[in-house]
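Each chain, written out:
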Amino acid sequence: MDKNNALDAFAALSQVTRLDVFRLLITAGEGGMSAGDIGDTLGVRQNTMSTNLAILARSGLIRSKREGRSIRYFADMEGLRGLLAFLMEDCCGGCPELCQPIINELACPC
């Protein structure tokens, strides 16, 4: 991930509804959630939710899959890993072994 991609991701997460959506999709795991279920869970209208989902998708933090007439959304774990790697790529003065405990703590088996 480069600086511009990281800025896009941070901008997407800097709004409360989008941050809530992203955290909800991380919690949902591999099953993801439909746009309607996300909106219902968070109490957000459909048109507002569509806009927020599009911004998150452009940032590379979520992905979608069409299922008939509905769309299911998932947290894009590769996008999240890329963002975390960008944040930590220069940590610990060039001694990555010092950062390994933090990286291990952040890494999940998903």
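No experiment lies behind these values; they were computed from the predicted model shown.

Looking at the sheet that holds strand E2 (residues 62-67)
Right, on to step 1. The strand order E1-E3-E2 describes an open sheet built from 3 strands, whose pairing is antiparallel. At either margin of the open sheet sits one strand with a lone partner, and together these are strand E1 (33-34) and E2.
Right, on to step 2. Pairing analysis gives 6 bridges linking E2 to strand E3 (residues 70-75), with the strands arranged antiparallel. Looking at the pairing, Ile-62 lines up with Ala-75 of E3.
Right, on to step 3. Contacting E1, E2 and E3, helix H2 (residues 16-28) crosses the sheet at an angle of about 85° to E3.

Quick notes on the pattern of salt bridges
Right, on to step 1. Here the structure, examined in full by the defined rule, presents 2 salt bridges.
Right, on to step 2. Taking the shortest distance from any N to any O, the salt bridge between Glu-78 and Arg-81 comes out at 2.9 Å. Here Glu-78 and its partner Arg-81 are both found in helix H5 (residues 77-88), 3 residues apart, which amounts to about one turn of the helix.
Right, on to step 3. Residue class for Arg-81 comes out partly exposed when judged on its relative accessible area of 35%.

Considering the nonpolar core
Right, on to step 1. Core analysis: the largest hydrophobic core is formed by 20 residues, its most contacted members being Val-21, Phe-22, Leu-25, Ile-38, Leu-53, Leu-56 and Ile-62.
Right, on to step 2. For this core, the secondary-structure elements that each account for two or more residues are helix H1 (3-13), H2, helix H4 (46-59), E3 and H5.

Describing the packing of H1 against H4
Right, on to step 1. It is the contact of H1 with H4, at a shortest axis distance of 8 Å, that shows an interaxial angle of 160°. Taken together, the axis directions place H1 and H4 in an arrangement best described as roughly antiparallel. The handedness of the crossing between H1 and H4 is left-handed. On H4, the residues touching Asp-8, Ala-9, Ala-12 and Leu-13 of H1 are Ile-55, Leu-56 and Ser-59.
Right, on to step 2. Tallied by class, the residues present in the contact of H1 with H4 amount to 5 nonpolar, 1 polar and 1 charged.

Regarding the confidence of the model for the protein chain
Right, on to step 1. Confidence along the protein chain averages 90 in pLDDT terms, with 95% of residues attaining 70 or more.
Right, on to step 2. Predicted confidence in the protein chain is weakest over helix H6 (residues 96-106), with a mean pLDDT of 73, and strongest over H2, with 97.

Notes on the side chain of Ser-59
Right, on to step 1. Locating Ser-59 in the fold gives a position in helix H4.
Right, on to step 2. Once residues lying within four places of it in the same chain are set aside, the contact partners of Ser-59 are Asp-8, Ala-9 and Ala-12.

What counts and how
- Residues numbered from 1 in each chain as written.
- Predicted model: local features only at pLDDT ≥ 70, side-chain atom pairs only at ≥ 80, totals over all residues.
- Heavy atoms only, no water.
- Pairing = 2+ DSSP bridges.
- Helix = DSSP H or I, 4+ residues; strand = E, 2+ residues; numbered from the N terminus.
- Contact = heavy atoms within 4.5 Å.
- Axes fitted to C-alpha atoms, helices over the stretch in contact; angles between N-to-C directions.
- Salt bridge = Lys/Arg side-chain N within 4 Å of Asp/Glu carboxyl O.
- Buried < 20%, exposed > 50% of the residue type's maximum accessible area, 1.4 Å probe, protein only.
- Core = buried A, V, L, I, M, F, W, Y, C linked by side-chain atoms within 4.5 Å.
- Parallel < 35°, antiparallel > 145°, perpendicular 65-115°, else oblique.
- Left-handed = near helix turned anticlockwise from the far one by under 90°.
- Nonpolar A, V, L, I, M, F, W, Y, C, P; charged D, E, K, R; others polar.
- pLDDT = per-residue confidence, 0-100.

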